[in-house]
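Analysis of the macromolecular model
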Amino acid sequence: MEKKLSREEAWALLTEYNESPSLLNHALTVEAVMEHFARINGEDEEVWGVTGLLHDLDYEKYPEEHCIKAEEIMTRRGIDPIYIRAMKCHGYGICTDTEPESLMEKVLYTIDELTGLIHAACLMRPSKSVLDIEVKSVKKKFKDKHFAAGVDRGIIRKGCEMLGMELDDVIRETIAGMREKAEEIGLKGNL
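Residues numbered from 1 in each chain as written. Predicted model: local features only at pLDDT ≥ 70, side-chain atom pairs only at ≥ 80, totals over all residues. Heavy atoms only, no water.

Before going further, it helps to spend a moment on unusual backbone geometry. Here the phi dihedral of Cys67 falls at roughly 80°; this positive angle occurs in a residue that is not glycine. If you trace the backbone, Cys67 turns up in the loop between α3 (45-54) and α4 (68-76). In this structure, Lys128 takes a positive phi of about 55° despite not being glycine. With respect to the helices and strands, Lys128 occurs in the loop between α6 (103-123) and α7 (135-143). (Helix = DSSP H or I, 4+ residues; strand = E, 2+ residues; numbered from the N terminus.)

Now for the nonpolar core. Note on soluble globular proteins: their nonpolar side chains tend to be buried together. Membership of the largest hydrophobic core comes to 55 residues, with the highest contact counts inside it found for Leu54, Met74 and Val130. Residues contacting Met74, with those up to four places away along its chain left out, are Leu54, Leu57, Ile79, Tyr83, Ile84 and Met87. (Core = buried A, V, L, I, M, F, W, Y, C linked by side-chain atoms within 4.5 Å. Buried < 20%, exposed > 50% of the residue type's maximum accessible area, 1.4 Å probe, protein only. Contact = heavy atoms within 4.5 Å.)

Right, let's talk about the packing of α3 against α6 for a bit. The N-to-C vectors of α3 and α6 enclose an angle of 40°; their axes lie 11 Å apart at closest approach. One element, α3, and the other, α6, form an angle in the oblique class. Judged by the twist between their axes, the crossing of α3 over α6 is right-handed. Taken together, the residues of α6 that come into contact with α3 (itself represented by Val47, Trp48, Thr51 and Gly52) are Leu103, Met104, Val107 and Leu108. Among the residues making up the contact of α3 with α6, the classes are represented as six nonpolar, two polar and no charged. (Axes fitted to C-alpha atoms, helices over the stretch in contact; angles between N-to-C directions. Parallel < 35°, antiparallel > 145°, perpendicular 65-115°, else oblique. Left-handed = near helix turned anticlockwise from the far one by under 90°. Nonpolar A, V, L, I, M, F, W, Y, C, P; charged D, E, K, R; others polar.)

Spelled out as structure tokens, the structure:
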């Protein structure tokens, strides 16, 4: 890695291109889950977290050029290719043909959509919290194609295959990562 990006630098870059509270919250959620997966795999939490934070860098301003504009912005700023490649991998099969290869890239690809599903499932609960949601509740929502219909379950399944992990285990670890930052991501609810 040529130049490790600090969390503060990544946040400044993200907020330069994004103002939407929901997009910023999604970035924080993906950051939290990426840090969790890094920790359980003995990887660099800051690198993985920053990768999660920046994955949708261009989405608010350039939704039709998602991942393409982010690559341009990040390259122009001299950001290390490890972050750029991971960002491109999360759009694999949708807006890029960059297939996830590293563990970090595969995790980002898998959990991006899943965090959205879990977030929506949490908001349906009386507690409005990630702190009391269980895997079986998320699985039930996962199977309901009408719930959070914008979430591509195929990507989540394909990501689980790439990781060699069962869906239940990926859901469990994603929930765990979200719980670690429940207050910051607005999912502490009334607990």
